[in-house]
Amino acid sequence: MTGQQNVSSGPADPRFFTRSGPFEAQVLADAAEATLVSPREGNMPTEGYVGIAPLQIAGPQDVSFLDNRRYASLLENTKAGLVIVAPAFADKVPAHCAALVSTAPYLAWSRVARLFHPKTPAKAGIHPSAYIAPTAQVDPNCEIGAFVVIEAGAEVGPDCVIGSHVVVGQGVQLGAGCRIGNHVTLSHAVVGERVIILPGARIGQDGFGFAVGPKGFETVPQLGRVVLEHDVEIGANTTIDRGSVNDTVIGAGSRLDNLVQIGHNARLGRCCIVVSQAGISGSTVLEDFVTVAAQAGLIGHIRIGAKARIGAQCGVMSDVESGADVIGSPAMPFREFFRNVAVLRKLAKKASGSADGGSGKE
Amino acid sequence: MTGQQNVSSGPADPRFFTRSGPFEAQVLADAAEATLVSPREGNMPTEGYVGIAPLQIAGPQDVSFLDNRRYASLLENTKAGLVIVAPAFADKVPAHCAALVSTAPYLAWSRVARLFHPKTPAKAGIHPSAYIAPTAQVDPNCEIGAFVVIEAGAEVGPDCVIGSHVVVGQGVQLGAGCRIGNHVTLSHAVVGERVIILPGARIGQDGFGFAVGPKGFETVPQLGRVVLEHDVEIGANTTIDRGSVNDTVIGAGSRLDNLVQIGHNARLGRCCIVVSQAGISGSTVLEDFVTVAAQAGLIGHIRIGAKARIGAQCGVMSDVESGADVIGSPAMPFREFFRNVAVLRKLAKKASGSADGGSGKE
Amino acid sequence: MTGQQNVSSGPADPRFFTRSGPFEAQVLADAAEATLVSPREGNMPTEGYVGIAPLQIAGPQDVSFLDNRRYASLLENTKAGLVIVAPAFADKVPAHCAALVSTAPYLAWSRVARLFHPKTPAKAGIHPSAYIAPTAQVDPNCEIGAFVVIEAGAEVGPDCVIGSHVVVGQGVQLGAGCRIGNHVTLSHAVVGERVIILPGARIGQDGFGFAVGPKGFETVPQLGRVVLEHDVEIGANTTIDRGSVNDTVIGAGSRLDNLVQIGHNARLGRCCIVVSQAGISGSTVLEDFVTVAAQAGLIGHIRIGAKARIGAQCGVMSDVESGADVIGSPAMPFREFFRNVAVLRKLAKKASGSADGGSGKE
């Protein structure tokens with residue numbers, strides 16, 4: 001560590017985050033749609049709570065929460081003044097502590113944290129260094145960062161925040177309330193409302209399409225678009241290719257993590273989740289509420305049924321039924337995968353054991 | 001979907017794509033090097049065909065095609081006026097439809113699509129915001145985008161299109177007709193003609209090289225280059241490190257998809273294909289016409305023979321012979337991999353089955 | 001190759017690299033902390049050595065080295081004047097060749113190469129196109145590239161080199177001697193000294209956190225930071241999300257390759273190595289000196305003990321003990337993994353062999 005000091009003073013470093021409050025417990029309970037339980041001993045701070053903090057470092061004016069059973073042991077020693085917990089942990093809350101009991105404690109936590117640290121709204125204005133083509137239409141209530149490029153015919157709806165160095169390509173449409181991170185590239189795209197794109201994502205470039213010609217590969221024109229429906233979120237450095245003939249579509253409310261690859265003509269339904277470094281090949285369809293875990297890969301031209309869950313590093317080569325849980329490469333039901341692992345381990349132990357036992361050699 | 005309308009009106013949205021035509025059937029046949037077959041019933045449109053469209057939405061003035069056996073059922077109901085098909089499907093073409101019959105239907109399709117939607121040529125000119133070092137040489141017939149940086153001693157050949165925010169580093173050479181996407185970084189690189197690089201690719205940065213010293217890791221100077229030969233295409237956010245001593249070379253006509261990693265000193269031959277999220281470690285050699293499927297990983301210092309095919313998610317730890325098909329981690333012949341999968345499944349079923357049978361419990 | 005010439009004239013192309021020297025053998029030996037052995041026949045060049053080159057192309061005034069046993073056969077035919085080798089190869093050095101014998105030949109090589117090609121120091125100055133917020137503090141001895149954005153309250157220490165198009169977000173701190181590559185995005189980050197970040201890395205964006213609400217997913221505020229300790233190096237297009245409550249921390253001296261994903265709240269200890277395309281999920285802890293090979297994936301909320309080594313493409317679902325070597329998905333000890341592979345191969349061969357033998361058919 002060579003003498004460097006990185007003592008964490010808790011979340012929400014004021015250099016990076018603004019802060020509202022203080023808030024009284026009942027205000028927090030209302031925001032969280034949770035039940036307020038007073039401390040069994042002591043009182044709640046009359047001046048309210050000032051912020052959120054993890055169990056280990058929270059003080060009497062902080063709100064904390066238990067989100068993961070693994071960390072339950074931290075609860076009994078916390079000095080937090082208010083703790084958000086699931087009903088199962090309500091009687092484990094220390095006596096000095098008030099509690100917000102919720103059947104959805106993570107959601108409750110999220111809302112309380114948002115109350116203390118609200119999103120900063122768009123600051124209307126265009127940085128003087130930005131380049132906006134004369135035929136582009138940018139709503140006056142947008143925040144346009146430094147060195148932004150908005151090309152001919154593009155349309156940016158109200159209340160958008162466009163980060164530094166973003167390129168909004170020719171004809172691209174952005175709905176109201178979008179937040180586009182630094183260095184994002186958008187082309188051939190129609191984007192809904194409240195869409196969030198993190199830095200460095202690439203949306204709308206050529207798909208990977210070529211035919212074998214007499215002198216080498218010949219590029220197949222990629223003539224579709226990317227459609228990002230309302231409330232989609234896209235992670236940093238993720239790539240979404242535009243369609244070749246049909247559109248590539250990310251359904252409303254879906255969330256993609258960092259470094260995800262979406263091939264041309266893929267169609268994701270509503271509220272799908274695609275975790276980091278997963279890849280979905282061209283023309284594959286995900287119905288609604290599908291989850292694809294990290295580093296999983298889906299071959300092209302297949303269909304994943306609604307609410308299916310694709311495990312981490314899974315290699316999916318054929319259709320998956322609605323509601324199925326698959327893992328492994330090639331993909332198989334979770335149960336089968338772990339049974340295979342167990343059986344192989346047993347057989348391998350036996351094989352090496354009997355080899356040892358029988359011959360004295362390995 | 002919250003009311004959002006994303007009705008696709010077919011490919012080639014005029015906000016994003018220019019359009020040529022109309023074209024008569026014989027012109028299309030010539031471009032496609034395909035055989036024109038008149039409709040068994042009805043006539044071809046005298047005014048020619050106006051565009052391309054998928055089978056489901058094509059109309060009498062559209063050209064469509066059947067590229068994938070999976071979608072054969074769409075052919076019989078299409079309203080398209082002209083369909084590109086392989087000989088095996090020629091007699092499945094509806095009676096009202098003309099056909100372009102080709103033994104390479106995807107290539108034929110590609111050329112017809114290109115005829116309707118030709119590449120826009122470079123519009124000579126330098127965006128006023130670009131920064132070009134005095135000693136850089138940029139051919140006057142290039143299109144240089146906003147906020148481009150071209151550093152000292154760099155050379156950009158004729159007819160190149162350099163997107164917004166591209167950095168062409170010191171001394172980098174670009175041949176004629178290259179198209180460099182937005183936000184690409186190029187350094188320590190020698191680039192041939194007609195090379196295409198999609199947005200966000202990183203070419204020529206330091207390789208991952210360090211030695212263990214007494215006080216921690218010590219960086220090994222990376223003194224090679226990246227050489228991209230003619231007609232190479234590089235996907236979005238792909239990373240190609242420069243060599244440490246020798247060059248990192250991507251052979252003529254090779255195509256890399258998005259989010260691919262190429263380590264220092266790797267050498268790819270001609271017309272190799274590397275699909276998204278695959279990684280090729282340092283000093284590994286691919287001979288000509290090798291295919292590496294998505295998410296595959298190749299260890300360093302190995303050699304992959306010409307025309308070998310590395311399957312998706314494959315983990316290659318040793319040399320692969322020319323023409324071999326391998327998959328799995330560790331890599332093995334396709335046939336062996338799927339045999340292993342089948343045998344393990346059978347053994348695991350038997351193991352759990354006999355446990356069930358024997359004890360009545362699972 | 002269509003006539004293109006890519007003849008490599010050896011490392012350190014003068015278009016891209018500066019060069020010092022010549023150096024006498026003893027100077028090189030001192031830098032390398034190696035033992036100089038004179039040639040058995042002939043003399044060392046009186047004017048010193050002028051550069052480094054690989055064994056195949058090095059000449060009498062070049063220094064070369066043997067770093068990998070695979071290439072030992074190149075040693076006997078080299079025309080290099082001086083070769084760096086491990087003691088085991090000292091007697092294989094040709095008679096005309098001087099040798100630098102070192103028990104750490106790669107480190108010795110690194111230092112010799114650095115002597116010929118020293119790092120260029122920061123050239124103090126701010127490119128006129130850069131945008132620096134009035135409240136940002138930039139040390140006058142920094143080199144700030146074109147179109148850089150340094151936001152309000154950010155602090156950049158002395159001797160930093162900030163590449164073109166970098167965004168240093170509000171309040172971000174950079175210690176002395178950092179080198180930030182083109183197009184890097186930094187936000188919500190505290191960065192130590194001598195940290196190197198390659199082009200396109202994304203540091204400090206929102207982690208992937210959301211709760212299921214009544215109308216879809218609700219984003220959980222991400223209120224932590226990213227802390228990069230001294231001497232950390234981060235690869236191109238790598239993504240490091242900031243913490244949700246705690247910080248995401250990369251320990252001193254750690255090195256991350258390209259396209260790596262680090263989830264929110266992850267904590268890496270000192271001198272960890274994470275190779276390209278690997279992913280570490282949220283809240284996972286790596287103790288010191290852990291190695292994670294390419295394309296490996298670690299689930300969230302686990303702990304990897306000091307000096308553990310995670311193999312390529314490994315899928316780690318639970319804690320790993322200090323010093324352990326694991327591979328496979330799910331992760332298991334190296335030895336067990338390769339035993340499983342061998343046993344399954346044997347069983348599968350037997351199964352298909354007996355089928356063949358029994359029925360004469362496959």
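Residues numbered from 1 in each chain as written. Chains lettered and ligands numbered in written order. Predicted model: local features only at pLDDT ≥ 70, side-chain atom pairs only at ≥ 80, totals over all residues. Heavy atoms only, no water.

## Points about the sheet that holds strand β16 (residues 185–186) of chain B
Across a sheet, paired strands are connected by hydrogen bonds in the backbone, their directions being either parallel or antiparallel. All names here are of chain B. Taken in spatial order, the 10 strands of this open sheet run β7-β10-β13-β16-β19-β24-β27-β30-β33-β36, and their pairing is parallel. What marks the edges here is a single partner per strand, and that holds for β7 (131–132) and β36 (315–316). Here strand β13 (residues 167–168) pairs with β16 via two bridges, running parallel. By the bridge assignment for β16, V167 is matched with T185. (Pairing = 2+ DSSP bridges. Helix = DSSP H or I, 4+ residues; strand = E, 2+ residues; numbered from the N terminus.)

## Things to note about the domain arrangement of chain A
For chain A, the assigned domains read domain 1 (25–116) and domain 2 (184–334). For domain 1 of chain A versus domain 2 of chain A, the separation of C-alpha centres amounts to 38 Å. (Domains from an automatic or database assignment.)

## Examining the packing of aromatic side chains
All told, the structure shown has 24 aromatic pairs over all chains when counted by the stated rule. Arranged with centres 5.3 Å apart and planes meeting at 75°, the rings of F147(A) and F147(C) form a pair that is edge-to-face. Of this pair, F147(A) sits in the loop between β9 (143–144) and β10 (149–150) while F147(C) is found in the loop between β9 (143–144) and β10 (149–150), placing the two residues in two different chains. Note on accessibility: F147(A) and F147(C) belong to one class, buried. Each ring, one from F23(B) and one from F116(B), has its centre 5.2 Å from the other, and the planes form 70°; the classification is edge-to-face. One end of the pair, F23(B), is in the segment before α1 (25–32); the other, F116(B), is in helix α2 (residues 105–116), and 93 residues separate them in sequence. In terms of burial, F23(B) and F116(B) fall into one category: buried. Among the aromatic residues, those joined into a cluster by ring pairs are F65(A), Y106(A) and W109(A). (Phe/Tyr/Trp six-rings, centres within 6.5 Å; stacked < 30°, edge-to-face > 60°. Buried < 20%, exposed > 50% of the residue type's maximum accessible area, 1.4 Å probe, protein only.)

## Quick word on empty space enclosed by the protein
Counted by the stated rule, this structure contains four cavities of 30 Å³ or more. Of the pockets and cavities examined, the largest cavity occupies roughly 1,100 Å³. Taken together, 45 residues line the largest cavity, and the ones lying closest to its centre are S329(A), S329(B), G328(C), S329(C) and F337(C). Looking at the lining of the largest cavity, the elements that each hand over two or more residues are α4 (334–359) of chain A, α3 (334–359) of chain B together with α4 (334–359) of chain C. (1 Å grid on protein atoms, 1.4 Å probe; cavity = no way out; pocket = protein on both sides within 12 Å on 5 of 7 lines; lining within 4 Å. Points joined across faces, edges and corners; volume = space filled by probe spheres on them.)

## Digging into the sheet that holds strand β4 (residues 82–85) of chain B
All names here are of chain B. With mixed pairing, five strands are arranged side by side in an open sheet as β1-β5-β4-β3-β2. Of all strands in the sheet, those with a lone pairing partner are β1 (35–37) and β2 (51–52), marking the two edges. When β2 meets strand β3 (residues 62–65), the two strands line up parallel, connected through two bridges. Each residue of the ladder has a partner; that of G51, found in β3, is D62. Most of the contacts of α2 go to β3, to which it runs at about 155°, and overall it touches β2, β3, β4 and β5 (98–101). (Contact = heavy atoms within 4.5 Å. Axes fitted to C-alpha atoms, helices over the stretch in contact; angles between N-to-C directions.)

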